[in-house]
Amino acid sequence: MKAPNVGVQLNGTGLPRVVFESGFSQSGESLRQDMIDWIYGGDNAVQAVVLINWRVAQATRRISGDVELYGFARNGMPDLKERQQIFPRPSGPASGQTLRLTRQMFFGSNIGPDRSPNDAFFLELDQLRTVAAMVMSDMGYEAAA
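Fair warning: this is a prediction, and the values are worked out from it, not measured in the lab. (Residues numbered from 1 in each chain as written. Predicted model: local features only at pLDDT ≥ 70, side-chain atom pairs only at ≥ 80, totals over all residues. Heavy atoms only, no water.)

Below, the discussion takes up the pairing of strand β2 (residues 18-23). With respect to burial, β2 is a largely interior element, 5 of its 6 residues being buried. Relative to β2, strand β1 (residues 6-8) runs antiparallel, the two being bridged by 3 bridges. When the bridges of β2 are listed, Val8 appears paired with Val18. Tracing the backbone out of β2, into helix α1 (residues 28-41) and back to the parallel element strand β3 (residues 48-57) gives a crossover that is right-handed. (Buried < 20%, exposed > 50% of the residue type's maximum accessible area, 1.4 Å probe, protein only. Helix = DSSP H or I, 4+ residues; strand = E, 2+ residues; numbered from the N terminus. Pairing = 2+ DSSP bridges. Right-handed = clockwise from strand over helix to strand, strands pointing away.)

On to the pattern of salt bridges. According to the stated counting rule, one finds 10 salt bridges in the structure shown. In this structure, Arg83 engages Asp66 in a salt bridge whose closest nitrogen and oxygen atoms are separated by 2.6 Å. In this pair, Arg83 sits in strand β5 (residues 78-87) while Asp66 sits in strand β4 (residues 62-72), placing the two residues 17 residues apart along the sequence. It is possible to trace a salt-bridge network through shared partners that takes in Glu29, Arg32, Arg55, Asp66, Glu68 and Arg83. (Salt bridge = Lys/Arg side-chain N within 4 Å of Asp/Glu carboxyl O.)

This paragraph deals with the environment of Gln104. In this structure, Gln104 sits in helix α2 (residues 103-107). It is 14 Å that separates the C-alpha atoms of Gln104 and Leu69, two residues lying 35 residues apart in sequence.

Right, let's talk about the packing of aromatic side chains for a bit. Under the counting rule described, the total for this entry stands at 3 aromatic pairs. Taken together, a centroid distance of 5.6 Å and an interplanar angle of 75° make the contact between Phe24 and Tyr141 edge-to-face. Taken together, the residues span a long stretch of sequence, with Phe24 in the loop between β2 and α1 and Tyr141 in the loop between α3 (125-138) and β8 (142-143) at a distance of 117 residues. Seen from the ring of Tyr141, Arg61 lies directly overhead, with NZ or CZ sitting 4.0 Å from the centre. (Phe/Tyr/Trp six-rings, centres within 6.5 Å; stacked < 30°, edge-to-face > 60°. Lys NZ or Arg CZ within 6 Å of the ring centre and 35° of its normal.)

As for its placement among the helices and strands, Ala143 is situated in strand β8. Taking the C-alpha atoms as reference points, Ala143 and Arg129, separated by 14 residues in sequence, lie 8.8 Å from one another. Sequence-distant contacts of Ala143, defined by excluding residues within four places in its chain, comprise Arg62, Ile63, Phe87 and Met136. (Contact = heavy atoms within 4.5 Å.)

Structure, rendered in structure tokens:
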């Protein structure tokens, strides 16, 4: 069975609800195939997939990257909900840049009474940038400017 880089799983469930896949040497298409495998092979448990695609410029040892959030469209097919650039940092105010995950993505139909499936949980990309830059440095790389 495939294991995600990171998965958010409810107690007592077999598969994660939200899957995070990160590719350093994988192509974007290979990561998207992972997303399709999770969405279709997840037996309706997997509600969202976050793909982080890092690209290395070997000549400069600089890394660029972006993040994509996939969920479901109304027709039940995988749907790109958001795509955001991580590195190089977007021009303008990048602080406040977030990825929006919903209660439905985490809990599916197991949402308690008086709770909205559209309640948002935000993943702050500045925090991802900070951690990624530290790891890149340890590996002898730096973020693309």
